[in-house]
Amino acid sequence: MRTSEALRAIYPELERRIIVTIMGATASELYALGHRPNFFYLEHSMGLASSMGLGIALALPAEQVIVLDGDGSLLMNLGTLSTMARYKPGNLLHIVLDNESLLSVGGFPTATATGTDLAGVARASGTPRVLEARTVADFKLAVSEALASHTLTTIVTKVEAVAPSSYHMDLTLLENRFQFWRCLRERRRAP
Amino acid sequence: MSVSITNSKLIYDGLKACDVKLIAALPETWLVHLIRMADEDRAMTLVRVAREEEAIGIAAGAHLAGVNAALLMQNHGFLAAINPIVSLAFLYKIPLLMLISYRGHMGEKDPWQTQGGLVTEPVLRALGIPTSTLTIPHDIPRRLKEAQTLAHASLTPVAVLLPRELMWEEA
């Protein structure tokens, strides 16, 4: 499964929810599928997409927040799994697209390529629901189930380390930041 | 010798007067009462992080979601969080209200705190972070409010240093 296929399969679930994604391939693939003002692309600050998602989920309990994380990013902030599991916001879904590499910076293998099991780390951290998917169909089902469960869930899915056709996004960082902030403000006012 | 409950309460009340609703914190001796007060306050969301970098992400998320947040950390925690302060808070123009216990400065007895104490203010200056040091108890509410006001107006991180003379009582 490619990242683009995985994201296309769940795009209808992402469209209206609050999304925080990591940089690189995941951000540009999501952007290519169709940008929405409720999508935030965290360029840089690797590892903190899940922390931002946790902050938003705790601040807006009426919204469902989905974090699109990666193996490289999550390995830079493994403590986030224990912090999310500690507060267990039921409105947070943490998706890890594990391509076993730092694709956007030269494709060097990460530790998941040599056996580190991020689903296992999530389970051992106390995450109430941890799911794994290998196929697009399994992944789509896992995401639907997780969103319906209203229970903090981490889904780890293996994806191919294939770079997107383009990393270009016609959206400046600050444009994205203020658009996202305004979007959340309007949703708070008109739930 | 003990951490000042009176001044911790003044700081906590000052944060409440700033309408702070979420505190991300990592424990430190001088912060024990502040963290306990946040924990006992049902109207406060306290997030205990494993490392201070996470707290920058959590506070950024809270800000984008319209909730006033504050950070409680030791100066070594601030030093640990420099990359996200630069490449999340400054890069994305996210206001942060960072309360930093100022260990390793005048009067410090723990040798391991001293190196961080030496570099705290130079690093804050190098990053261009506006810094206020709380020394006078009756000034605490005003200075906290001013720090938050500047953070929100400039959309940048601001630091409030909590020094020994405020936090530590020599019995």
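Look up: the structure comes first, before these words.
For the structure given in this document, a descriptive report is provided here. Just so we're clear, the structure is a prediction, and the values are computed from it rather than from any experiment. (Residues numbered from 1 in each chain as written. Chains lettered and ligands numbered in written order. Predicted model: local features only at pLDDT ≥ 70, side-chain atom pairs only at ≥ 80, totals over all residues. Heavy atoms only, no water.)

### So, the packing of aromatic side chains
And step 1. For the coordinates displayed, the defined rule picks out five aromatic pairs over all chains.
And step 2. With a centroid separation of 5.3 Å and an interplanar angle of 45 degrees, the aromatic rings of F40 of chain A and F180 of chain A are classed as tilted. With F40 of chain A in strand β2 (residues 39–41) and F180 of chain A in helix α8 (residues 173–189), this residue pair connects regions lying 140 residues apart in the sequence.
And step 3. Residue F180 of chain A is classed as buried on the basis of its relative accessible area, which comes to 0%.
And step 4. Ring geometry for F40 of chain A against Y92 of chain B: centres 5.1 Å apart, planes inclined by 50 degrees, an arrangement best described as tilted. (Phe/Tyr/Trp six-rings, centres within 6.5 Å; stacked < 30°, edge-to-face > 60°. Helix = DSSP H or I, 4+ residues; strand = E, 2+ residues; numbered from the N terminus. Buried < 20%, exposed > 50% of the residue type's maximum accessible area, 1.4 Å probe, protein only.)

### Here we look at the pattern of salt bridges
All names here are of chain B.
And step 1. By the definition in use, this model includes 20 salt bridges over all chains.
And step 2. Between D110 and R103 there is a salt bridge whose closest N-O contact spans 3.3 Å.
And step 3. On the basis of relative accessible area, D110 is assigned to the partly exposed category, the value being 23%.
And step 4. Of the charged contacts, one joins E108 and R164 as a salt bridge, the two residues approaching to 3.1 Å between their closest N and O atoms. (Salt bridge = Lys/Arg side-chain N within 4 Å of Asp/Glu carboxyl O.)

### Observations concerning the pairing of strand β1 (residues 18–21) of chain A
Residue and element names in this part refer to chain A.
And step 1. Residue alternation in β1 divides its side chains into two sets, I18 and V20 and I19 and T21, and both sets are buried.
And step 2. Examined bridge by bridge, β1 and β2 share three bridges and lie parallel to one another. In the sheet register, V20 faces β2, and the bridge partner there is F40.
And step 3. With respect to chirality, the unit in which β1 leads through helix α2 (residues 25–33) into the neighbouring parallel β2 is right-handed. (Pairing = 2+ DSSP bridges. Right-handed = clockwise from strand over helix to strand, strands pointing away.)

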